[in-house]
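# Remarks on the overall topology
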Amino acid sequence: MKAALLKSFGTPLAIETVPDPVLGTGEVIVDVAATAMLAYAREVYSGKRNYLLDLPVVPGSGGIGCVRAVGPDATRLAPGDWVYCDPTVRSRDDSVSPDILLQGLTAATEGGRILHRHFHDGSFAEQTRVPTENLTRLGTIDPTEAPRWCGLGRLLVPYGGFLVAGLKAGEIVVVNGGTGAFGSAAVAVALAIGARAVIATGRNGAVLDEVARRYGKRVLPVQMQGDEEQDRARILAAAPGPIDCVLDILLPAASPAQVRTALLTVRPYGRVVLMGGVGMAGGPGVDLPYAWLMRNCITIHGKWMYPREAPGQMIAMVRAGLIDLDALAVTTFGLDDINDAVAHAAANAGPFTMTVVVS
Ligand SMILES: NC(=O)c1ccc[n+]([C@@H]2O[C@H](COP(=O)([O-])OP(=O)(O)OC[C@H]3O[C@@H](n4cnc5c(N)ncnc54)[C@H](OP(=O)(O)O)[C@@H]3O)[C@@H](O)[C@H]2O)c1
């Protein structure tokens, strides 16, 4: 089959013919239709992000495809089913604290690296091999719709955060980084869950205004000016009541103070979800007031990705009309032009756009 290969960090992806993946028990082979290109893929492939990948590797995390062949233990999936492929591969031999591999993106830990030895390659290829439990059926779709369904991956990340925080209809939410790709998706997801108000923070006033214009009057944009206390006061002044939940999804380039600005706005007994990259590039962590956390019974969740049931729930929210996949303008590239896709994704980071590779 044809696949894109990362052979060494800092070199362009090479399009080559590689052996087809071989099916095993507990696995499914998927004919890949469409895979989203992350805005920061270039930083991953250059080695700047220090993501753990053993080379050579076929990159590409998750996506949309059509089942080609199922292992003997699949009871529902069948060839021809359209599916969402979740790149979050979890080890099966410790249900309490499984290791995680983001297939085609990063092994992250030594345990993830063991998974990476087997589920080595990702989805920038004509076929991919995926653990059976990582597939969720989409139902009937027109094949031309596959690229827009890649928007699920963007939405599912913040949905995982709101699930762990138990976000409920009627609650007041802060999305710290509401101007970003995942942050603006978080705004859409919080609204779909039924938030009373979503305070979207960001430094970029024009993008904030666009987020508010697109998502309506439950979105309250608050521009961050860089002074922690004043920015926090702005968030609190915008909120129509006590803030129930804060979700942070800033880039590694952001400072710990930018996280703390939003985090400390949460009400007593409130919940905070940390999903961003602050600290991943090194530097100090987020310094939090112990007594304030303790006296106010604050819950802080770190969250990487989302649970196994989330894709089915998100597909249902799309089918119900609660989430509009057309909020993202999609630009597609063929596998042969994948290096153009990497550059396009980097040049078009942020909300409302998505770069997709079609296989
Ligand atoms: N936990 C998970 O499961 C998970 C999954 C996927 C991605 N992520 C993480 O999500 C983060 C956001 O990714 P993205 O693709 O949404 O990024 P993005 O589109 O570039 O958005 C970045 C956000 O960070 C804000 N920001 C604040 N300070 C910044 C600074 N100094 N430099 C640059 N941006 C700054 C930007 O807002 P303004 O420019 O308006 O301030 C924007 O809202 C990444 O760190 C990624 O690792 C987490």
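Residues numbered from 1 in each chain as written. Predicted model: local features only at pLDDT ≥ 70, side-chain atom pairs only at ≥ 80, totals over all residues.

## A word on the packing of helix H4 (residues 151-165) against helix H5 (residues 181-193)
- It is the contact of H4 with H5, at a shortest axis distance of 8 Å, that shows an interaxial angle of 60°. By the angle between their directions, the pair H4 and H5 is classed as oblique. You can see that H4 and H5 cross each other, and the crossing is right-handed. Where H4 approaches H5, its residues Arg154, Leu155, Val157, Pro158, Tyr159 and Phe162 are matched on the opposing element by Ala181, Phe182, Ala185, Ala186, Ala188, Val189, Ala190 and Ile193.
- Partitioned by chemical class, the residues of the contact of H4 with H5 number 13 nonpolar, no polar and one charged. (Axes fitted to C-alpha atoms, helices over the stretch in contact; angles between N-to-C directions. Helix = DSSP H or I, 4+ residues; strand = E, 2+ residues; numbered from the N terminus. Parallel < 35°, antiparallel > 145°, perpendicular 65-115°, else oblique. Left-handed = near helix turned anticlockwise from the far one by under 90°. Contact = placed C-beta atoms within 7 Å. Nonpolar A, V, L, I, M, F, W, Y, C, P; charged D, E, K, R; others polar.)

## Regarding the nonpolar core
- Among the nonpolar cores identified, the biggest contains 108 residues, and Val173, Ala190, Val198, Ile199 and Leu247 are the most heavily contacted of them.
- Each of domain 1 (2-149 + 328-358) and domain 2 (155-302) contributes no fewer than three residues to this core. (Core = buried A, V, L, I, M, F, W, Y, C linked by C-beta atoms within 7 Å. Buried ≥ 20, exposed ≤ 12 C-beta atoms within 10 Å, placed from the backbone. Domains from an automatic or database assignment.)

## What about the domain arrangement of the chain?
- Its domain assignment divides the chain into domain 1 (2-149 + 328-358) and domain 2 (155-302).
- Computed from C-alpha atoms alone, the centre-to-centre distance between domain 1 and domain 2 is 29 Å.
- Taken together, the contacts link five residues of domain 1 with six residues of domain 2.
- Its residues assigned to classes, the side of domain 1 that touches domain 2 shows four nonpolar, one polar and no charged.

## A look at the sheet that holds strand S12 (residues 219-223)
- Reading across the sheet, the six strands line up as S12-S11-S10-S13-S14-S15 and stay open at both edges, with parallel pairing between neighbours. Edge strands, defined here as strands with exactly one partner in the open sheet, are S12 and strand S15 (299-302). Sheet twist, expressed as the mean angle between neighbouring strand axes with direction ignored, is 20°.
- One ladder, built from four bridges, connects strand S10 (residues 172-176) with strand S13 (residues 243-248); its direction is parallel. (Pairing = 2+ DSSP bridges.)

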